[in-house]
Amino acid sequence: MVLGLTPGDNVLVVSPHLDDDALGAGGTIARLTADGVDVHVLAVACRTHPGSDPGIRIAEFDEACTVLGVASHHTAWIDTDAATNPAARMAELVHLIEAGTRLSLRELRPAALLMPAAGSFHQDHQAVHTAAIAAARPSAYAPRIVLGYVGPEDAAWAQHESPARRPVAVDTSGVWETKAKALTCYSSQLREAPHPRSLATIRAMDTAAGSSVGTAMAELLTVYRLVA
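Quick caveat: nothing in here was measured; it's all calculated off a predicted structure. Every chain is numbered independently, its residues counted from 1 as its sequence is written. Reporting of local features is limited, given that this is a predicted model, to residues whose pLDDT is at least 70; pairs of side-chain atoms are given and counted only at 80 or more, and all residues count toward the totals for whole chains, interfaces and linings. The basis for the side-chain values is all heavy atoms of the structure; hydrogens and waters are excluded.

What to know about the packing of helix α8 (residues 176-184) against helix α9 (residues 199-211)
To obtain an axis, a line is fitted to C-alpha atoms, over the contacting stretch when the element is a helix, and the angle between two such axes runs from 0 to 180 degrees between their N-to-C directions. Counting from the N terminus, the helices are the DSSP runs of H or I reaching at least four residues and the strands are the DSSP runs of E reaching at least two. Close contact between α8 and α9 brings their axes to 11 Å; oriented N to C, the two are set at 150°. Looking at the two axes, α8 sits roughly antiparallel to α9. α8 and α9 meet at a crossing whose hand is right-handed. Mapping the contact onto sequence places Trp176, Glu177, Lys179, Ala180, Leu183 and Thr184 in α8 and Leu199, Ile202, Arg203 and Asp206 in α9. Here the term charged refers only to Asp, Glu, Lys and Arg, the term nonpolar to Ala, Val, Leu, Ile, Met, Phe, Trp, Tyr, Cys and Pro, and the term polar to all other amino acids, Gly among them. A per-class count over the contact of α8 with α9 returns five nonpolar, one polar and four charged. Oblique is the label for any angle not under 35 degrees, not over 145, and not in the 65 to 115 range, which are roughly parallel, roughly antiparallel and roughly perpendicular in turn. Take the far helix as your reference; a near helix turned counterclockwise from it by less than a right angle gives a left-handed crossing, and one turned clockwise gives a right-handed crossing. Residues are treated as being in contact if the distance between any of their heavy atoms lies within 4.5 Å.

Next comes the structure, spelled out in structure tokens:
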């Protein structure tokens, strides 16, 4: 069992954009779905450049979620003012995660919530983290497990929480190929090595995380709530 979750449990993964869930927690998601846990991914924003087709990003998201085996997924804001600057719509953002869609805490009553960890250099990730913490405050539908994932660019560039402050490690050794396949769905977003958003660099980061806990590969998660 991963994180003490059992088949039929719901997990909500909140992703600032349509790839952050796979970049930061793709291995954890793959482990959970392989164990029969129902994982649902709420992507907050799809923001494309003028003249670009958001359908490309949405199709990539659809394909990656299929690879990871998630039960359902949804994109909330597509090329709107809110998608451009979620931090300016904080009340709406909190409501979105708490009760705004069928993929919300109130509707799913998930056992666990995965969200961006604090400390990101990206303002949208910061906003989603703050909103998710507020949405997950103690209530009748608050998840008993709240964890933060770290994207490769944050791990490489940001003044982020050290691995010592991310005490939960998920062994992803057996699901790396699934994670890699999901990441390759995002052909418009991946970069060549040594960029952090390259398969080679992500593999190296996961391998380093694994070596810190004695496994071949791992993802390290920050604990915000863990009720046994």
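There's plenty left to go through after this.
Re the pattern of salt bridges
Take a side-chain nitrogen of Lys or Arg and a carboxyl oxygen of Asp or Glu: if they are within 4 Å of each other, that pair is a salt bridge. Inspection of the entire model under this criterion finds eight salt bridges. Between Glu60 and Arg57 there is a salt bridge; the shortest N-O distance is 3.8 Å. Residue Glu60 and its partner Arg57 are both found in helix α2 (residues 54-68); the two are separated by three residues, about one turn of the helix. Judged by relative accessible area, which is 6%, Glu60 ranks as buried. For every residue, the accessible area (1.4 Å probe, protein chains only) is compared with the maximum for its type, and the residue is labelled buried under 20%, exposed over 50%, or partly exposed between those bounds. For Arg57, a relative accessible area of 11% gives the class buried. In this structure, a network of salt bridges that share partners links the residues Lys179, Asp206 and Glu219.

A few points about the packing of helix α1 (residues 20-34) against α8
Interhelical geometry of α1 versus α8 gives an angle of 140° and a closest axis separation of 8 Å. When the axis of α1 is compared with that of α8, the two are oblique. Relative to α8, α1 is oriented so that their crossing is right-handed. In this structure, α1 uses Ala22, Leu23, Gly26, Gly27 and Ala30 to contact α8, whose residues at the interface are Thr178, Lys179 and Leu183. In terms of residue class, the contact of α1 with α8 is built from four nonpolar, three polar and one charged.

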